Amino acid sequence: MSKTNSVRLIGHLGQTPKLVGNGDQSSVVSFTLATNETYKDAQGNKATRTEWHNIVSFGRVANLIIQYCKQGDFIMLNGRIQTRQYTNKEGQQRYVTEIITEEILFLGGRKSEGSTFTEPVMITQDDKAPF
């Protein structure tokens, strides 16, 4: 059976990724990714809409994201959509939809600050690091 829960996003990191796990093989990293859509509004003017995505990465990919990514970097990621339920501090049930990263392609950083990568580099959970 083919995989039906699949997403590919290309955008800029909204914040420097933060480690929310313990820093070894079970590392967990979260960050936001901004994707932009350009369209014409009702008056025919060019407009841009930004969509913010919650991204979560695990293990090897998480460790590399922490090591090499910062706010504003341009990446492409492949993953799956997952919605989870949690209870907030007030005891209310909440839901959050996240993209679980399966592979990431580092496309570069902001030109004004330079980039860690000069060429695109694809990283998956199974690959050996090319650096």
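The following paragraphs examine the structure supplied in this document. A quick note: this is a predicted structure, and the numbers were derived from the prediction, not measured. (Residues numbered from 1 in each chain as written. Predicted model: local features only at pLDDT ≥ 70, side-chain atom pairs only at ≥ 80, totals over all residues. Heavy atoms only, no water.)

This next bit is on the overall build of the protein chain. For the protein chain, the helix and strand inventory stands at 1 helix and 7 strands. Helices and strands in the protein chain line up, N terminus first, as β-β-β-β-α-β-β-β. Looking at the protein chain as a whole, 38% of its 131 residues are labelled buried. Pairs at least 24 apart in sequence give 55% of the contacts found in the protein chain among residues at least 6 apart. Accessible area for the protein chain stands at about 8,400 Å²; split by element, carbon and sulfur atoms hold 48% of it. (Helix = DSSP H or I, 4+ residues; strand = E, 2+ residues; numbered from the N terminus. Buried < 20%, exposed > 50% of the residue type's maximum accessible area, 1.4 Å probe, protein only. Contact = heavy atoms within 4.5 Å. Areas by Shrake-Rupley, 256 points an atom, 1.4 Å probe, with all protein chains shown as cover.)

Membership of the largest hydrophobic core comes to 16 residues, with the highest contact counts inside it found for Leu 9, Phe 31, Leu 33, Ile 55, Ile 65, Ile 75 and Leu 77. Elements supplying a minimum of two residues to this core: β1 (7-13), β3 (28-40), α1 (59-68), β5 (74-87) and β6 (93-108). Beyond its immediate stretch of four places on either side in the chain, Ile 75 contacts Leu 9, Ile 10, Gly 11, Leu 13, Phe 31, Leu 33, Ile 104, Leu 105, Phe 106 and Leu 107. (Core = buried A, V, L, I, M, F, W, Y, C linked by side-chain atoms within 4.5 Å.)

The subject of this paragraph is the environment of Thr 97. Topologically, Thr 97 is positioned in strand β6. C-alpha of Thr 97 to C-alpha of Ile 55: the two residues are 42 residues apart in sequence and 9.1 Å apart in space.

A separate point is the pairing of β6. Within a regular strand, side chains alternate between the sheet's two faces. The pairing of strand β4 (residues 46-58) with β6 spans 2 bridges and is classified as parallel. Of the residues in β6, the one forming a bridge with Val 56 is Ile 100. In this structure, β5 lies alongside β6, joined through 14 bridges in antiparallel fashion. Residue pairing across strands places Arg 80 opposite Ile 100, the latter belonging to β6. Taken together, β5 and the strand that follows it, β6, pair antiparallel across an intervening segment of 5 residues, in which Gly 91 is found at a positive phi of about 85°. (Pairing = 2+ DSSP bridges.)

Let's shift gears to the side chain of Thr 35. Topologically, Thr 35 is positioned in strand β3. A polar contact of 2.8 Å, which involves the side chain of Thr 35, links it to the side chain of His 53. For Thr 35, the contacting residues outside a window of four places in its chain are Leu 9, Ile 10, Gly 11, Arg 49, Thr 50, Glu 51 and His 53. (Polar contact = N/O pair within 3.5 Å; in protein donor to acceptor, adjacent residues only side chain to side chain.)

Of the strand pairs in this sheet, β3 and β4 are connected by 13 bridges, and their pairing is antiparallel. The residue bridging Ser 30 from the neighbouring strand is Val 56, located in β4. Hairpin remark: β3 followed by β4, antiparallel, with 5 residues in the connecting loop; positive phi at Gly 44, about 85°.

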